[in-house]
Amino acid sequence: EGMLNADIVGFHAFDHARHFLNASKRILGLTYESLVGGLIGVRYKGRKVIVSMSNVSIEPDIVDAALILPSVSQEATFLKQKHGERSIIAGVDICQRLSGISLKLLSYERFLTDYPDWQPKVVMLLKCLIPGSRRTDEADALREVRFLVRRIQDTFGTSVIDYQELMGSSL
(Lines give C-alpha, C1' and ligand atoms only; values in the text may rest on other atoms or scores of the structure.)
Protein backbone atom coordinates (compact mmCIF):
# COMPACT_ATOMS: atom_id res chain seq x y z
CA GLU A 1 0.00 0.00 0.00
CA GLY A 2 2.90 2.36 0.65
CA MET A 3 3.99 2.29 -2.97
CA LEU A 4 0.45 3.10 -4.11
CA ASN A 5 0.65 6.47 -2.34
CA ALA A 6 3.07 7.63 -5.04
CA ASP A 7 1.84 9.25 -8.26
CA ILE A 8 4.06 7.01 -10.38
CA VAL A 9 5.54 3.59 -9.59
CA GLY A 10 8.33 2.61 -11.97
CA PHE A 11 9.91 -0.76 -12.69
CA HIS A 12 12.95 -1.78 -14.67
CA ALA A 13 11.30 -4.78 -16.31
CA PHE A 14 7.79 -5.61 -17.46
CA ASP A 15 7.76 -8.78 -15.32
CA HIS A 16 8.28 -6.71 -12.16
CA ALA A 17 5.42 -4.38 -13.08
CA ARG A 18 3.19 -7.38 -13.87
CA HIS A 19 3.95 -8.91 -10.46
CA PHE A 20 3.12 -5.59 -8.78
CA LEU A 21 -0.19 -5.35 -10.67
CA ASN A 22 -1.06 -8.96 -9.82
CA ALA A 23 -0.23 -8.42 -6.13
CA SER A 24 -2.33 -5.24 -6.10
CA LYS A 25 -5.25 -7.20 -7.51
CA ARG A 26 -4.91 -10.31 -5.32
CA ILE A 27 -4.08 -8.61 -2.02
CA LEU A 28 -6.02 -5.35 -2.29
CA GLY A 29 -8.64 -6.17 -4.92
CA LEU A 30 -7.49 -3.31 -7.17
CA THR A 31 -7.86 -3.24 -10.93
CA TYR A 32 -5.74 -1.57 -13.55
CA GLU A 33 -6.50 0.01 -16.90
CA SER A 34 -4.65 0.97 -20.05
CA LEU A 35 -4.18 4.71 -20.46
CA VAL A 36 -3.34 6.98 -23.38
CA GLY A 37 0.31 6.74 -24.38
CA GLY A 38 0.70 3.08 -23.45
CA LEU A 39 0.66 3.72 -19.70
CA ILE A 40 -1.07 1.62 -17.06
CA GLY A 41 -3.09 3.13 -14.23
CA VAL A 42 -4.23 1.60 -10.93
CA ARG A 43 -7.13 3.18 -9.04
CA TYR A 44 -6.28 3.56 -5.36
CA LYS A 45 -8.22 5.64 -2.82
CA GLY A 46 -9.85 7.74 -5.52
CA ARG A 47 -6.57 8.43 -7.33
CA LYS A 48 -4.95 7.01 -10.42
CA VAL A 49 -1.42 5.69 -9.84
CA ILE A 50 0.69 5.33 -13.00
CA VAL A 51 2.71 2.11 -13.31
CA SER A 52 5.59 2.43 -15.75
CA MET A 53 8.30 0.19 -17.15
CA SER A 54 11.64 1.58 -18.26
CA ASN A 55 14.21 -0.92 -19.41
CA VAL A 56 17.56 0.85 -19.47
CA SER A 57 19.87 -1.94 -20.55
CA ILE A 58 22.22 -1.74 -23.51
CA GLU A 59 21.81 -4.53 -26.02
CA PRO A 60 25.32 -5.44 -27.29
CA ASP A 61 24.08 -7.16 -30.46
CA ILE A 62 22.11 -4.08 -31.48
CA VAL A 63 25.06 -1.78 -30.74
CA ASP A 64 27.44 -4.01 -32.71
CA ALA A 65 25.05 -4.07 -35.69
CA ALA A 66 24.65 -0.28 -35.58
CA LEU A 67 28.42 0.32 -35.44
CA ILE A 68 28.92 -1.14 -38.92
CA LEU A 69 26.25 1.05 -40.57
CA PRO A 70 27.63 3.72 -42.92
CA SER A 71 25.31 6.34 -41.38
CA VAL A 72 26.85 5.71 -37.95
CA SER A 73 30.37 6.10 -39.32
CA GLN A 74 29.36 9.34 -41.05
CA GLU A 75 27.79 10.74 -37.86
CA ALA A 76 30.86 9.75 -35.81
CA THR A 77 33.11 11.55 -38.30
CA PHE A 78 30.86 14.61 -38.18
CA LEU A 79 30.91 14.67 -34.36
CA LYS A 80 34.70 14.33 -34.27
CA GLN A 81 35.02 17.25 -36.68
CA LYS A 82 32.46 19.35 -34.80
CA HIS A 83 33.92 18.78 -31.32
CA GLY A 84 37.61 18.34 -32.16
CA GLU A 85 39.68 16.71 -29.45
CA ARG A 86 37.03 17.06 -26.75
CA SER A 87 35.96 13.89 -24.95
CA ILE A 88 32.29 13.26 -25.61
CA ILE A 89 29.84 12.37 -22.86
CA ALA A 90 26.73 11.21 -24.71
CA GLY A 91 23.18 10.69 -23.51
CA VAL A 92 19.72 10.09 -24.89
CA ASP A 93 16.93 10.85 -22.44
CA ILE A 94 13.14 10.93 -22.44
CA CYS A 95 12.15 14.45 -21.47
CA GLN A 96 10.03 13.62 -18.43
CA ARG A 97 10.68 14.54 -14.83
CA LEU A 98 11.35 10.98 -13.66
CA SER A 99 13.95 10.34 -16.35
CA GLY A 100 16.67 12.08 -14.37
CA ILE A 101 17.72 14.39 -17.20
CA SER A 102 17.79 17.44 -14.91
CA LEU A 103 19.97 15.58 -12.42
CA LYS A 104 22.33 14.63 -15.25
CA LEU A 105 22.65 18.29 -16.24
CA LEU A 106 23.17 19.41 -12.64
CA SER A 107 25.88 16.77 -12.21
CA TYR A 108 27.60 17.89 -15.40
CA GLU A 109 27.43 21.51 -14.27
CA ARG A 110 28.99 20.52 -10.94
CA PHE A 111 31.72 18.58 -12.75
CA LEU A 112 32.59 21.63 -14.86
CA THR A 113 32.61 23.84 -11.75
CA ASP A 114 34.71 21.49 -9.61
CA TYR A 115 37.16 20.55 -12.38
CA PRO A 116 37.72 23.69 -14.50
CA ASP A 117 40.65 22.05 -16.31
CA TRP A 118 38.10 19.84 -18.06
CA GLN A 119 36.02 22.70 -19.48
CA PRO A 120 38.01 22.90 -22.77
CA LYS A 121 38.40 19.10 -22.94
CA VAL A 122 34.83 17.78 -22.72
CA VAL A 123 31.43 18.18 -24.35
CA MET A 124 28.09 16.68 -23.34
CA LEU A 125 26.15 15.50 -26.38
CA LEU A 126 22.55 15.28 -25.15
CA LYS A 127 19.54 14.26 -27.21
CA CYS A 128 16.23 14.88 -25.48
CA LEU A 129 13.34 12.76 -26.76
CA ILE A 130 9.84 14.24 -26.42
CA PRO A 131 7.35 11.39 -26.92
CA GLY A 132 4.19 13.52 -26.54
CA SER A 133 2.48 10.98 -24.27
CA ARG A 134 2.58 13.09 -21.08
CA ARG A 135 2.35 16.65 -22.36
CA THR A 136 2.16 18.52 -19.04
CA ASP A 137 5.03 16.55 -17.51
CA GLU A 138 7.09 16.94 -20.68
CA ALA A 139 6.43 20.70 -20.82
CA ASP A 140 7.57 21.09 -17.19
CA ALA A 141 10.65 18.94 -17.79
CA LEU A 142 11.50 20.82 -21.01
CA ARG A 143 11.27 24.16 -19.25
CA GLU A 144 13.69 22.97 -16.57
CA VAL A 145 16.08 21.29 -19.03
CA ARG A 146 16.22 24.34 -21.30
CA PHE A 147 16.91 26.55 -18.27
CA LEU A 148 19.78 24.30 -17.15
CA VAL A 149 21.27 24.03 -20.65
CA ARG A 150 21.17 27.83 -20.98
CA ARG A 151 22.75 28.29 -17.56
CA ILE A 152 25.57 25.85 -18.38
CA GLN A 153 26.19 27.55 -21.73
CA ASP A 154 26.11 31.04 -20.18
CA THR A 155 28.57 29.98 -17.48
CA PHE A 156 30.99 27.74 -19.41
CA GLY A 157 30.39 28.57 -23.09
CA THR A 158 28.34 26.95 -25.81
CA SER A 159 31.02 24.40 -26.72
CA VAL A 160 30.62 22.38 -23.48
CA ILE A 161 27.16 21.10 -24.38
CA ASP A 162 25.59 20.00 -27.65
CA TYR A 163 21.86 19.80 -26.92
CA GLN A 164 19.11 18.68 -29.29
CA GLU A 165 15.37 18.07 -28.84
CA LEU A 166 13.68 15.37 -30.92
CA MET A 167 9.94 14.71 -31.15
CA GLY A 168 9.02 11.06 -30.65
CA SER A 169 10.35 8.30 -28.45
CA SER A 170 13.22 6.98 -30.60
CA LEU A 171 16.16 8.27 -32.56
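Located above this text is the structure these notes cover.
Residues numbered from 1 in each chain as written. Predicted model: local features only at pLDDT ≥ 70, side-chain atom pairs only at ≥ 80, totals over all residues. Heavy atoms only, no water.

Visitor: Where do I start with the overall build of the protein in this structure?
Guide: Summing up its helical and strand segments, the protein has five helices and seven strands in all. Computed over the C-alpha atoms, the radius of gyration of the protein is 20 Å, more than 25% above the 16 Å expected from 2.2 N^0.38 for a compact globule of 171 residues. Each of the three principal axes of the protein carries a C-alpha extent, and together these read 60 × 35 × 25 Å. The long-range fraction of contacts in the protein, counting pairs at least 24 apart against all pairs at least 6 apart in sequence, stands at 67%. Total accessible area on the protein is roughly 11,100 Å²; 55% of this is exposed by carbon and sulfur atoms. Placing the 21 positive and 20 negative side-chain charges of the protein at their respective mean positions leaves the two points 6 Å apart. (Helix = DSSP H or I, 4+ residues; strand = E, 2+ residues; numbered from the N terminus. Rg over C-alpha atoms; globule rule 2.2 N^0.38 Å. Contact = heavy atoms within 4.5 Å. Areas by Shrake-Rupley, 256 points an atom, 1.4 Å probe, with all protein chains shown as cover. Lys, Arg positive; Asp, Glu negative; His and termini not counted. Charge placed at Lys NZ, Arg CZ, Asp CG, Glu CD.)

Visitor: It is not clear to me how the sheet that holds strand 3 (residues 39-44) should be interpreted in this structure. Could you clarify?
Guide: With mixed pairing, four strands are arranged side by side in an open sheet as 1-4-3-2. Only two strands of the sheet have a single partner each, and these edge strands are strand 1 (8-11) and strand 2 (32-35). Each strand of the sheet is rotated relative to its neighbour by a mean of 30°, with strand direction disregarded. Pairing geometry for strand 2 and strand 3, over four bridges, is antiparallel. For tyrosine 32, the partnering residue across the bridge sits in strand 3 and is valine 42. Strands strand 1, strand 2, strand 3 and strand 4 (47-53) of the sheet are contacted by helix 1 (residues 14-28), whose axis makes an angle of about 150° with strand 4. (Pairing = 2+ DSSP bridges. Axes fitted to C-alpha atoms, helices over the stretch in contact; angles between N-to-C directions.)

Visitor: Just to check I follow, could you spell out the packing of helix 4 (residues 101-114) against helix 5 (residues 135-156) for this structure?
Guide: Close contact between helix 4 and helix 5 brings their axes to 9 Å; oriented N to C, the two are set at 10°. Classified by the interaxial angle, the pair formed by helix 4 and helix 5 is roughly parallel. Along its contact with helix 4, which presents Ile101, Ser102, Leu105, Leu106, Tyr108, Glu109, Leu112 and Thr113, the element helix 5 presents Glu144, Val145, Leu148, Val149, Arg151, Ile152 and Phe156. Classifying every residue of the contact of helix 4 with helix 5 gives 10 nonpolar, two polar and three charged. (Parallel < 35°, antiparallel > 145°, perpendicular 65-115°, else oblique. Nonpolar A, V, L, I, M, F, W, Y, C, P; charged D, E, K, R; others polar.)

Visitor: It is not clear to me how the sheet that holds strand 7 (residues 161-167) should be interpreted in this structure. Could you clarify?
Guide: The strands making up a sheet associate through backbone hydrogen bonding, with each pair oriented either parallel or antiparallel. Spatially, the three strands line up as an open sheet ordered 5-6-7, and their pairing is parallel. Two strands bound the open sheet, and with one partner strand each, they are strand 5 (87-94) and strand 7. Direction aside, neighbouring strands of the sheet carry axes that sit 15° apart on average. Both strand 6 (residues 122-130) and strand 7 contribute to a ladder of seven bridges, which runs parallel. Note on strand 7: the bridge partner recorded for leucine 125 is aspartate 162.

Visitor: Would you take a moment to explain the nonpolar core for this structure?
Guide: Taken as a class, soluble globular proteins show a tendency for nonpolar side chains to be buried jointly. Grouped together as the largest cluster of nonpolar side chains are 20 residues, with contacts concentrated most on Leu105, Ile152 and Tyr163. Of all the secondary structure elements, the ones that give two or more residues to this core are helix 4, strand 6, helix 5 and strand 7. Looking at which element gives the most residues to this core, the answer is helix 5, with seven residues. Every residue in contact with leucine 105, bar those within four places of it in the chain, is listed here: Met124, Leu126, Val145, Leu148, Val149, Ile152 and Ile161. Counting residues in hydrophobic clusters, the runner-up holds 12 residues, among them Leu4, Ala17, Leu21 and Val49. (Core = buried A, V, L, I, M, F, W, Y, C linked by side-chain atoms within 4.5 Å. Buried < 20%, exposed > 50% of the residue type's maximum accessible area, 1.4 Å probe, protein only.)

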